[in-house]
Amino acid sequence: MSGVGGVSGGPPRSVRISGWGSYVPERVLSNADLERIVDTSDEWIRTRTGIRERRVAAPHETTATLGAIAAKRALAVAGLEPDDIDVIVVATLTPDYPMPSTAALVKEAIGNDTAAAFDIGAACSGFVFGYATADSYVRSGLARHVLVIGAELLTRFLDFEDRGTCILFGDGAGAVVLSASDEAGGGMSGLEMTTDPDGAYMIWLPSGGSRSPSSSETTSRGEHFIRMEGRETYRYATRTLAASALKAVEKAGWSPDEIDLVIPHQANVRIIEAVAKGLKLPMDRFFVNIDKYGNTSAASVGIALDEAVAEGRVKPGDKIVFAAFGAGFTSGAIALEWTADPADGARAASVEPVASVRAPLDWNSVDPMPPRLAAVLDDPDGPQVPLDDVVPGEPAHAHSED
Ligand code: ACO
């Protein structure tokens, strides 16, 4: 029997990562592309953030489809069938809709008939918060296998006239399967999670919720885009990320110099360097891939984990730390011992990078691509009209022929 509460035999001896996987869209948006959209430079972006490029989802992709591909890869690595999963947790700040949950759509897309599925809102800390939630279900004996997915389609929530935010974020998804094990040891041994509402409005998306429902007025004021106080967020991140990681490590009974690899949220390479300093660890004990994907929020730790394993940076017995911070302000860290065979990761290659979610009946919405972004992506030589003249719903070059 599957599903929450359907597990017999009581709590397991340990909770371990049995599968992992990720997916990033094919389309690359380079810093040079962004130079054509806002007043910025490759040099500024690289030196201030460490980002060289990021991925942009195709029009037919959604947060749920990105998450479903990462989930299918994690299932393949775990050697499990979709119906083996009892709970599906999706961490995202860019859901397909406020309701239904993105997890419900992922459940259908991966062909699972049995799991309870719900979303978690903890912004960039979502993967860590989701992992902690999943671990609790398995540890208590309420579930045997839980899928945790961090998935984001941030490029549709960015103001491509705001150089302070649009250069930072990208799209993608990462997933793990947490499974009950009859063997003792391994898995999460230290957890720290915090939420500091003093930072509630440092990174936020003003409209579309109960406080400010979407209207033509909120849209004309650009309140459907992510807003951020970059410097305040930076200060918070450097302060709390190292503190959270240290607390998780202490709770595990380790000292920082025993850590084999820190897999941090990828927001800014300078923030990661500050954490390394705080933990008195060299940068080679940190996994960094922000140069390729930018900040993918709740997806970033899962994507980084998948790449770290594939690159041979993780082996059984290693002491690993996940550490993240995000809007809320939230922060969280997990100290865990890796147990899986990294070679199992090769099984993900059998998964085709396609997934679809059912379309609603009798409903046809707008082209989801932000027009200023589409104008640059659609034309390798650059848009033929000034970006300020780009009209939503009209291709940039058709407009230019007027
Ligand atoms: N290109 C060129 N110049 C820029 C750009 C840009 N893209 N953006 C800002 N500038 C300019 C500013 O206007 C400013 O100019 P001024 O000195 O003439 O006023 C100058 O560069 C310095 O701006 P700062 O904001 O001080 O730059 P800073 O070094 O702080 O870097 C950044 C900005 C990258 C946003 C940094 O503050 C940061 O990384 N903050 C944390 C952001 C973050 O992690 N957010 C994710 C949170 S996770 C979540 O939950 C979503």
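Only a predicted model underlies this, so the values are computations on that prediction, with no experimental measurement involved.

About the criteria used
Residues numbered from 1 in each chain as written. Predicted model: local features only at pLDDT ≥ 70, side-chain atom pairs only at ≥ 80, totals over all residues. Axes fitted to C-alpha atoms, helices over the stretch in contact; angles between N-to-C directions. Helix = DSSP H or I, 4+ residues; strand = E, 2+ residues; numbered from the N terminus. Parallel < 35°, antiparallel > 145°, perpendicular 65-115°, else oblique. Left-handed = near helix turned anticlockwise from the far one by under 90°. Contact = placed C-beta atoms within 7 Å. Nonpolar A, V, L, I, M, F, W, Y, C, P; charged D, E, K, R; others polar. Near = placed C-beta within 6 Å. Pairing = 2+ DSSP bridges. Core = buried A, V, L, I, M, F, W, Y, C linked by C-beta atoms within 7 Å. Buried ≥ 20, exposed ≤ 12 C-beta atoms within 10 Å, placed from the backbone. pLDDT = per-residue confidence, 0-100.

(A) Summary view of the packing of helix α8 (residues 230–251) against helix α9 (residues 269–279). Two numbers describe how α8 lies on α9: the axes approach to 9 Å, and their chain directions differ by 40 degrees. Here α8 lies oblique to α9, going by the angle between them. Seen from above, α8 lies across α9 with right-handed handedness. Touching Tyr234, Ala237, Thr238, Leu241, Ala242, Ala245 and Leu246 of α8 are Ile271, Ala274, Val275, Gly278 and Leu279, all from α9. Partitioning the contact of α8 with α9 into residue classes produces ten nonpolar, two polar and no charged.

(B) Local environment of the site of the ligand. Around the ligand, a shell composed of 22 residues is seen, among which Thr40, Ala123, Gly230, Ala267 and Gly326 lie nearest. Sorting the residues of the shell around the ligand by element identifies α2 (42–49), α6 (163–166) and α8 as the ones contributing at least two each. Here the shell around the ligand gets five residues from one element, more than from any other, and that element is α8. For the shell around the ligand, a count of residues per class yields ten nonpolar, nine polar and three charged.

(C) Examining the sheet that holds strand β4 (residues 87–91) more closely. One open sheet accounts for five strands, arranged β1-β7-β6-β4-β5; its pairing is mixed. Strands with a single pairing partner mark the edges of an open sheet, and in this sheet they are β1 (14–23) and β5 (116–120). Pairs of neighbouring strands in the sheet enclose a mean axial angle of 20 degrees, with direction left out of account. One ladder, built from nine bridges, connects strand β6 (residues 145–153) with strand β7 (residues 171–181); its direction is antiparallel. Each bridged residue has a counterpart across the sheet, and for glutamate 152 the counterpart in β7 is glycine 172.

(D) Seen up close, the nonpolar core. Core analysis: the largest hydrophobic core is formed by 127 residues, its most contacted members being Val106, Ala245, Val321 and Ile334. Here the element with the most residues in this core is helix α3 (residues 63–78); it accounts for ten residues. Leaving out residues up to four positions away in the same chain, valine 106 has contacts with Ala64, Gly67, Ala68, Ala71, Ile88, Val90, Ala117 and Ile149.

(E) Just unusual backbone geometry, in detail. A cis amide bond links methionine 99 to the next residue, proline 100, at an omega of 0 degrees. Tracing the backbone through its elements, the reader meets proline 100 in the loop between β4 and α4 (102–110). For the peptide bond that leads from glycine 328 to phenylalanine 329, omega is -20 degrees, which places it in the cis range. Within the element layout of this structure, phenylalanine 329 appears in the loop between β12 (319–326) and β13 (330–337).

(F) Just the environment of threonine 133, in detail. Note that threonine 133 resides in helix α5 (residues 126–139). Separated by 13 residues in the primary sequence, threonine 133 and valine 146 have C-alpha atoms spaced 9.4 Å apart. Residues in contact with threonine 133, not counting those within four places in the same chain, are Val89 and Ile120.

(G) Spatial organisation of the environment of alanine 175. In this structure, alanine 175 sits in strand β7. Accessibility expressed as a C-beta count within 10 Å gives 36 for alanine 175, which makes it buried. Taking the C-alpha atoms as reference, alanine 175 lies 5.6 Å from alanine 70; in sequence the two are 105 residues apart. Residues within four places of alanine 175 in sequence aside, it is in contact with Trp20, Gly21, Ala70, Ala71, Arg73, Ala74, Leu147, Val148, Ile149 and Gly302.

(H) Broad picture of the confidence of the model for the chain. Per-residue pLDDT for the chain averages 93, and the proportion of residues at 70 or more is 94%. Ignoring residues within four places in sequence, the model shows residues 395–402, a span with pLDDT below 50, making 17 contacts including any to other chains.

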